[in-house]
Amino acid sequence: MMSRMTGMGWIALFAFVALGAPWHLAAAGEAPRQAAVATAHPAATAAGREVLQAGGNAFDAAVAVTAALAVAEPYSSGLGGGGFYLLHQADSGRDVMLDARERAPGQASRDMYLDDEGEPQPQLSVDGALAAGIPGIPAALDHLADRYGRLALGETLQPAITLAREGFEVTPMYRRLVGFRQEVLADDPGSREIFLHAGALPDLGQLIRQPDLAATLERLALEGRDGFYQGELAGRLVDGVRKAGGIWCRSDLAGYRVVERDPVVSRFRGFEVVSAAPPSSGGVALAEILNTYATLARRAGGLDDLSVLGLHYRIEAMRRAYRDRAEYLGDPDYVDVPVERLTSPDYAAGLAVGISPSDATPSASLAPVITAPEGPHTTHFSIMDADGNYVAATLSINYPFGAGVTVPGTGVLLNDEMDDFSQKPGVPNVYGLIGAEANAIAPGKRPLSSMSPTFVRNDELVGVLGTPGGSRIITMVLGGVLTATRGESVADWVAEPRIHHQYLPDRVEVEPGTLSEDQRVELELMGHRIETNDGFGNMQALAWWRDGNRLEAAADPRGEGEAVVFDLRQAP
Ligand code: GLY
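Residues numbered from 1 in each chain as written. Predicted model: local features only at pLDDT ≥ 70, side-chain atom pairs only at ≥ 80, totals over all residues. Heavy atoms only, no water.

Colleague: Even after reading the chapter, I still don't get the overall build of the protein, so can you show me in this structure?
Modeller: Secondary structure summary: the protein contains 19 helices and 22 strands in total. Expected size for 572 residues packed as a compact globule is a radius of gyration near 25 Å; at 22 Å, the protein falls within 12% of this value. Dimensions of the protein along its principal axes, counting C-alpha atoms only, are 70 × 65 × 45 Å. Split into buried and exposed, the 572 residues of the protein put 62% on the buried side. (Helix = DSSP H or I, 4+ residues; strand = E, 2+ residues; numbered from the N terminus. Rg over C-alpha atoms; globule rule 2.2 N^0.38 Å. Buried < 20%, exposed > 50% of the residue type's maximum accessible area, 1.4 Å probe, protein only.)

Colleague: Is there a simple way to think about the packing of helix α13 (residues 282–299) against helix α14 (residues 308–328) in this case?
Modeller: The packing of two helices is summarised by the inter-axis angle and the distance between the axes. Running from amino to carboxyl end, α13 crosses α14 at an angle of 145°, the nearest separation of the two axes being 9 Å. Regarding α13 and α14, the two cross each other, and that crossing is right-handed. Across the interface between the two elements, Ala 285, Glu 288, Ile 289, Thr 292, Tyr 293, Leu 296 and Arg 299 from α13 touch Gly 310, Tyr 313, Arg 314, Ala 317, Met 318, Arg 320, Ala 321 and Asp 324 from α14. Residues that form the contact of α13 with α14 fall into these classes: eight nonpolar, two polar and five charged. (Axes fitted to C-alpha atoms, helices over the stretch in contact; angles between N-to-C directions. Left-handed = near helix turned anticlockwise from the far one by under 90°. Contact = heavy atoms within 4.5 Å. Nonpolar A, V, L, I, M, F, W, Y, C, P; charged D, E, K, R; others polar.)

Colleague: Looking at this structure, how should I read the pairing of strand β12 (residues 390–398)?
Modeller: Each regular strand carries side chains that alternate between the two faces of the sheet. For β12, the tally of buried residues reaches nine of nine residues, placing the bulk of the element in the interior. Neither face of β12 is open: one carries Tyr 390, Ala 392, Thr 394, Ser 396 and Asn 398, the other Val 391, Ala 393, Leu 395 and Ile 397, and all of them are buried. Here strand β3 (residues 82–88) pairs with β12 via seven bridges, running antiparallel. Within β12, the position partnered with Tyr 85 by the bridge is Ala 393. Bridging between strand β11 (residues 377–384) and β12 involves eight bridges; their strand directions are antiparallel. When the bridges of β12 are listed, Phe 381 appears paired with Ala 393. With antiparallel pairing between neighbouring strands as the criterion, β11 and β12 make up a hairpin whose turn holds five residues, including Gly 388 at a positive phi of roughly 90°. (Pairing = 2+ DSSP bridges.)

Colleague: How should the environment of Gly 149 be read in this particular structure?
Modeller: Within the secondary structure, Gly 149 is located in the loop between α4 (137–148) and α5 (153–156). It is 35 Å that separates the C-alpha atoms of Gly 149 and Ala 438, two residues lying 289 residues apart in sequence. Beyond its immediate stretch of four places on either side in the chain, Gly 149 contacts Asn 57, Phe 59, Asp 60 and Leu 144.

Colleague: Where do I start with the site of the ligand in this structure?
Modeller: Close contacts around the ligand come from 11 residues, with Asn 398, Glu 417, Asp 420, Ser 449 and Ser 450 the closest. Between a nitrogen atom of the ligand and a side-chain N or O atom of Asn 398, the distance comes to 2.7 Å. Coverage of the ligand by the protein chains reaches 100% of its 200 Å² of free accessible surface. Tallied by class, the residues present in the shell around the ligand amount to one nonpolar, six polar and four charged. (Near = heavy atom within 4 Å. Polar contact = N/O pair within 3.5 Å; in protein donor to acceptor, adjacent residues only side chain to side chain. Areas by Shrake-Rupley, 256 points an atom, 1.4 Å probe, with all protein chains shown as cover.)

Colleague: I would appreciate a short explanation of the side chain of Thr 39 in the present structure.
Modeller: Mapped onto the secondary structure, Thr 39 falls in strand β2 (residues 34–39). Of the polar contacts made by the side chain of Thr 39, one reaches the backbone oxygen of His 41; its length is 2.8 Å. Within the structure, Thr 39 has its side chain in polar contact with the side chain of Thr 45 (distance 2.8 Å). Contacts of Thr 39, omitting those with residues within four sequence positions, involve Ala 44, Thr 45, Val 65, Leu 69, His 380, Phe 381, Gln 540, Ala 555, Gly 561 and Glu 562.

Colleague: What's the story with the side chain of Asp 385 in this structure? I'm lost.
Modeller: Structurally, the position occupied by Asp 385 is in the loop between β11 and β12. Despite its burial, Asp 385 remains without a salt bridge, the nearest opposite charge being carried by Arg 150 at 4.8 Å. In this structure the side chain of Asp 385 is engaged in a polar contact, spanning 2.9 Å, whose partner is the backbone nitrogen of Asp 387. A polar contact of 2.8 Å, which involves the side chain of Asp 385, links it to the side chain of Asn 389. Among all residues touching Asp 385, those that are not within four sequence positions of it are Pro 32, Gln 34, Ala 35, Leu 52, Asn 57 and Ala 58. (Lys, Arg positive; Asp, Glu negative; His and termini not counted. Salt bridge = Lys/Arg side-chain N within 4 Å of Asp/Glu carboxyl O.)

Colleague: Before we go on, may I ask you to explain the pattern of salt bridges in this structure?
Modeller: Where side chains of opposite charge bring their charged atoms close, a pairing between them can arise. Per the counting criterion, the structure on display carries 39 salt bridges. Here Arg 486 makes a salt bridge to Asp 305, at a shortest N to O gap of 2.7 Å. With Arg 486 in the loop between α17 (473–485) and α18 (490–495) and Asp 305 in the loop between β10 (303–304) and α14, the pair connects residues that are 181 residues apart, well separated along the chain. Judged by relative accessible area, Arg 486 falls into the buried class, the value being 6%. We note a salt bridge from Arg 319 to Glu 316, for which the minimum N-O separation is 2.8 Å.

Colleague: I tried to follow unusual backbone geometry on my own but got confused; where do I start?
Modeller: It is generally the case that most residues other than glycine have a negative phi and that most peptide bonds are trans. The omega angle of the peptide bond from Pro 278 to Pro 279 is 20°, so this bond is cis rather than trans. Looking at the element boundaries, Pro 279 is found in the loop between β9 (271–275) and α13. Here the bond from Leu 504 into Pro 505 is cis, since omega is -5°, no more than 30 degrees from zero. Residue position: Pro 505 is located in the loop between β17 (499–500) and β18 (508–510). Not every positive phi belongs to a glycine, and Arg 33 is a case in point at roughly 70°. The residue Arg 33 is located in the loop between α1 (14–19) and β2 in this model. Arg 33 gets classed as exposed once you look at its relative accessible area, which sits at 64%. One non-glycine residue with positive phi stands out, namely Tyr 503, at about 80°. Looking at where Tyr 503 falls in the secondary structure, it is placed in the loop between β17 and β18.

Colleague: Sorry if this is basic, but what is going on with the environment of Asp 346 here?
Modeller: Tracing the chain through its elements places Asp 346 in helix α16 (residues 345–353). Each C-alpha atom of the pair Asp 346 and Thr 295 lies 9.5 Å from the other, and the pair is 51 residues apart in sequence.

Colleague: Looking at this model, I keep getting lost on the sheet that holds strand β22 (residues 562–567). Mind explaining?
Modeller: Paired through backbone hydrogen bonds, the strands of a sheet run either parallel or antiparallel to each other. Sheet architecture is open: seven strands sit in the order β7-β4-β3-β12-β11-β2-β22, paired in antiparallel fashion. Bordering the open sheet on either side are β7 (259–261) and β22, each of which pairs with just one other strand. Direction aside, neighbouring strands of the sheet carry axes that sit 15° apart on average. Running over the sheet, helix α2 (residues 42–53) touches β2, β11 and β22 and is turned about 20° from β22. In the packing of α4 onto the sheet, the strands contacted are β3, β4 (95–100), β7 and β12, and the crossing angle to β3 comes to about 20°.

Encoded structure:
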């Protein structure tokens, strides 16, 4: 692993790669013959493996893993949340993004989180039932099973049902995140009973049992999406949400639909990079950064990613993509998102013209836009089956433990994804910045996301990756793509030291030890403000090296996840 951005690094010879490297061409119909699962929790990895061993494909395993994470990582994702699944079908070669993002309830309104003076009340969109969008995960599970899987939900949901009933053990991560949200969890009787122990932090190793969630999963297994979005359970959800101060209606649940969208595809160093489409900003921002960086690298006649110039150019490309993200990105069913323009190499070439090789561009000197903060808690998993189907999925309930409210009798913990909308669009803030209209709240609309499940591939490699981390997701995936396209091992993709800039605030965030003292000084002399933050992200990735037919998987060393590569039993 390259643990510090110092030393020789790897020289990216863009000019050569852009002309086309002499890759070994993959044979038609090849398959990895093994399977791989990388998730943020060992119980979820075990669930995916069990379903693959039972004859399921990658899409069945995605159902099992999603449900197991909903049980064992209640702080990250769940039946009450949403997410994006990037799917690749081996037989057709088709990529599709399954959009299971939450939708604003029908009674939501643009100013619902403003007080009488028109000032945002941030707690309202974070804590409590008013913060919750209409969940997409149950519909996604049904859709995956129905359209893509081989097994019935009764089989694929079983590991999660057992886990919910028998319980999972409290880990250090669980304790840390309960500690972070203890007050809001203690305030809600449903959450208090499940996630705390007599109102206090549970001990390490204590079992967290969720019998109501087990029953809800069983209902989903028996009745499919209607078991969640219609009938008795839907009634309980709506009653519970409204009693807790929320605005859900039966029609919001009945009307929820997942959407299949074309992913955003870009090219970088001769690789195809496939990532999330709006309402995620991930694929668009990633393409814009990669295109800008590639233009700058060509201009420099080749570039070491880890040199000061490489880091400076990466930061400047990030700055501009995050500015555009704030101005243009939103739910494509509600606003026109100029995806083609923002992801075109010509547009990036125009951005590159304004980037100096020696000086940082102050964000304040770019056209102003308001940026909205994003919740950090989310999860990601990557799966490949032996036939070469693969899934990258990033799922969320937004803040740790979402809105902190568990609807009585359902085990469903509500998301607080409404906080990902801009609260006060179109109004200049104290700095005179305007913008974020594209991400204004509207009934039925999906809030803008940074979740970026991604494939990176050429004839030698298929990489499947993603991470949680709020607005930092995109730059972490960028780091993974840069590392993958340097030919490094998948363990390096997930461990890669992180560096992030998001336009505003105008600062570069780095993990401790990312930069040498000399690099820090040089970047500061260029005008960059550098801040060191704790390690961030929890990337789960896998790589199928086609040349040699080798499968690798890795879980981020910063988290508690587990990645496995395994042989499947021969069919009888
Ligand atoms: N809630 C985090 C995201 O959607 O990006």
